[in-house]
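Residue-level structure breakdown
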Amino acid sequence: MTFTRTRREVGGLIAASVAMVAAPAVLRAQTAARVVVIGGGFGGASCARALRKADAKLDVTLVEANKTFTSCPLSNEVIAGLRDIGAQQFGYDKIAAEGLRVVPQAATAIDASARKVTLADGTTLAYDRLVLAPGIDIDFTALQGYDEAASAVMPHAYKAGAQTLLLRKQIEAMPDGGTVAISVPANPSRCPPAPYERASLIAHYLKTNKPKSKLLVLDAKDNFSQQKLFEQAWQQLYPGLIERIPLSQGGRVTGVEVGTRTVITEFGNYNPAVANIIPPQKAGRIAQLAGAVDRTGWCPIDAATFASKLLPDVHVVGDACLGGGIPKSAGAAQAQGKACAAVIARDLIARSSEPPPLTGVCYSTVAPDYAFSLSGVYQPKGDLFAEVEGGKTSSLDAPRSARAAEADAATAWFKALTHDAFG
């Protein structure tokens, strides 16, 4: 989901806050200030590219352990057999061709006092500014019995790639008449509408290929984003196929028993043929190692500048942030990456250009020809982001032709989003 503030709002907020993250005066005299960006997802890649465009003299390094990025947006279509995993994958060759240094290694440690990043091979990178964009990690301590080994049997599929394909394979192999269960965590979590989109698209697959099967949503929330739109679509497209058990009715999953494929809730156990367990999440591991994470499991920031509240000369963008009202989504991460780049450029090279706007839309696809959208406008309020007037969602009264048009728009949005981030 991409979000925007007005240009006047962003400019004023950054001008008022830039002193909080000002670098030592010696940096302003350097001809090549060094910026290291850790994490090559939507937030990190967009931030690195925006920094390079701000001034070619900036020495920008993008650190990303994976040579290929696999996108979470639209990956639910892969699970449902509507899309190939290759359409979700993007390399970094085009970014490197722009003059950015791309380092295909994991960052293993950060010394904020010395301003150095240690890589997996033991080498170090010095920086004047560091941007952390590590995304999420699965919290394998949150559910009893669910660890990384368990995810090979009960996949979470909330980090796109091998887990996405595993869940798809399990659903395809399930006998007709089996039940697929999806556990949904409480917020904050990555892309709050995504589990319900997943339920919808798996229901489409079951309706088409295994019509005797059912889908069960075990939910740690009573209410969720765009709930009326999802429930309307389920009634229209998949009557009797999807059953959702909310928090107040005992839907919160508390643990699993892998050997018996049992999903445990507060008020009963379930034994589905396929269990998609989406646990609670936390900021990516390097943010934890760096000391940028507080007791919430996320990274507190100054919302106007993305500066870490815990580490000097460090910024955090994307899903790892403790963002308040702004959802953890690809579009939001991309918008934050660009805005963060504008802050850093203003500080290091006295760049006077207008910061980019932070506005946009998120699409939820519930069938190949049926989607709806949610747009939002956010701005800093204290240390968090708050929603302001201007956001809107698709109408409940929209005709099917409008839903089909939004499904086409979702594909176009994804193409633009990925081109903007990866070239």
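What you see is a predicted model, and the numbers here were worked out from it, not measured in a lab.

**Regarding the overall build of the protein chain**
Per the secondary structure count, the protein chain includes 11 helices and 24 strands. Looking at the protein chain residue by residue over its 423 residues, the buried ones come to 55%. Sequence-distant contacts, at least 24 apart, represent 68% of the contacts inside the protein chain between residues at least 6 apart.

**Comments concerning the side chain of glutamate 77**
Among the structural elements, glutamate 77 can be located in helix H4 (residues 75-79). No salt bridge forms around the buried glutamate 77; measuring N to O, its nearest opposite-charge neighbour arginine 83 is 4.5 Å away. Once you skip the residues sitting within four places of it in the chain, glutamate 77 turns out to touch Leu82, Arg83, Leu201 and Thr365.

**Some details on the sheet that holds strand E16 (residues 268-270)**
Within a sheet, each strand pairs with its neighbour through backbone hydrogen bonds, oriented either parallel or antiparallel. Pairing is antiparallel in the open sheet, where three strands are placed in the order E14-E15-E16. Single-partner strands in this sheet number two, and they are strand E14 (253-257) and E16. Ignoring which end each strand starts from, the neighbouring axes of this sheet average 25 degrees apart.

**Some details on the packing of aromatic side chains**
In total, this model carries 15 aromatic pairs according to the counting rule given. Here phenylalanine 224 and phenylalanine 230 contribute two aromatic rings whose centre-to-centre distance is 6.0 Å and whose plane-to-plane angle is 50 degrees, an arrangement assigned as tilted. When sorted by exposure, phenylalanine 224 lands in the same class as phenylalanine 230, which is buried. Every member of this aromatic cluster is reached through a ring pair, and the members are Phe42, Phe69, Phe90, Tyr92, Phe414 and Phe422. The ring of tryptophan 298 has lysine 328 lying over it, and the distance from NZ or CZ to the ring centre is 3.9 Å.

**Observations regarding the nonpolar core**
Ile38, Val117 and Leu215 are the most contacted members of the largest nonpolar core, which totals 102 residues. Sorting elements by how many residues they give to this core places helix H10 (residues 330-349) first, with eight residues. Among all residues touching isoleucine 38, those that are not within four sequence positions of it are Val63, Ala107, Ile110, Val117, Leu130, Val131, Leu132, Ala133, Pro134 and Ile286. Core analysis: the second largest hydrophobic core is formed by 13 residues, Ala150, Met154, Leu216 and Leu218 among them.

**Some words on the pairing of strand E11 (residues 179-184)**
Counting buried positions along E11 yields five of six residues, so the element is predominantly enclosed. Two elements, E11 and strand E12 (residues 214-219), share six bridges in a ladder whose sense is parallel. What sits directly across from alanine 181, in E12, is leucine 216. Chirality of the crossover, the property in question, places the unit of E11, helix H7 (residues 194-209) and E12 among those that are right-handed. The sheet contact formed by E11 and strand E17 (residues 274-277) spans four bridges and is parallel. Pairing of valine 180 across the sheet is with valine 274, part of E17.

**Here we look at the packing of helix H6 (residues 162-173) against H7**
One can describe the packing of H6 onto H7 by two numbers: an axis separation of 11 Å at closest approach and a directional angle of 35 degrees. Crossing hand, H6 versus H7: right-handed. Of H7, the residues touching H6 (which contributes Leu167, Ile171 and Glu172) are Arg198, Ile202, Tyr205 and Leu206. Per-class residue counts for the contact of H6 with H7 are five nonpolar, no polar and two charged.

**Thoughts on the sheet that holds E17**
Taken together, the four strands give an open sheet; going across it, the order is E13-E12-E11-E17, and neighbouring strands pair in parallel fashion. Where the open sheet ends on each side, the last strands, each with one partner, are strand E13 (242-245) and E17. Here the average twist between neighbouring strands, direction ignored, is 15 degrees.

**A word on the pattern of salt bridges**
A complete count under the given rule lists 14 salt bridges for this structure. As a salt-bridge pair, arginine 129 and aspartate 347 come within 2.0 Å of each other at their nearest N and O atoms. Of this pair, arginine 129 sits in strand E9 (residues 129-132) while aspartate 347 sits in helix H10, and the two are 218 residues apart along the sequence. Judged by relative accessible area, arginine 129 falls into the buried class, the value being 0%. The exposure class of aspartate 347 is buried, given its relative accessible area of 1%. Of the charged contacts, one joins lysine 338 and aspartate 420 as a salt bridge, the two residues approaching to 2.3 Å between their closest N and O atoms. With lysine 338 in helix H10 and aspartate 420 in helix H11 (residues 400-422), this pair connects stretches of sequence that are 82 residues apart. Judged by its relative accessible area of 26%, lysine 338 falls in the partly exposed class. Through salt bridges with shared partners, a single ionic network connects Arg115, Arg129, Asp313 and Asp347.

Rules behind the numbers
- Residues numbered from 1 in each chain as written.
- Predicted model: local features only at pLDDT ≥ 70, side-chain atom pairs only at ≥ 80, totals over all residues.
- Heavy atoms only, no water.
- Helix = DSSP H or I, 4+ residues; strand = E, 2+ residues; numbered from the N terminus.
- Buried < 20%, exposed > 50% of the residue type's maximum accessible area, 1.4 Å probe, protein only.
- Contact = heavy atoms within 4.5 Å.
- Lys, Arg positive; Asp, Glu negative; His and termini not counted.
- Salt bridge = Lys/Arg side-chain N within 4 Å of Asp/Glu carboxyl O.
- Pairing = 2+ DSSP bridges.
- Axes fitted to C-alpha atoms, helices over the stretch in contact; angles between N-to-C directions.
- Phe/Tyr/Trp six-rings, centres within 6.5 Å; stacked < 30°, edge-to-face > 60°.
- Lys NZ or Arg CZ within 6 Å of the ring centre and 35° of its normal.
- Core = buried A, V, L, I, M, F, W, Y, C linked by side-chain atoms within 4.5 Å.
- Right-handed = clockwise from strand over helix to strand, strands pointing away.
- Left-handed = near helix turned anticlockwise from the far one by under 90°.
- Nonpolar A, V, L, I, M, F, W, Y, C, P; charged D, E, K, R; others polar.

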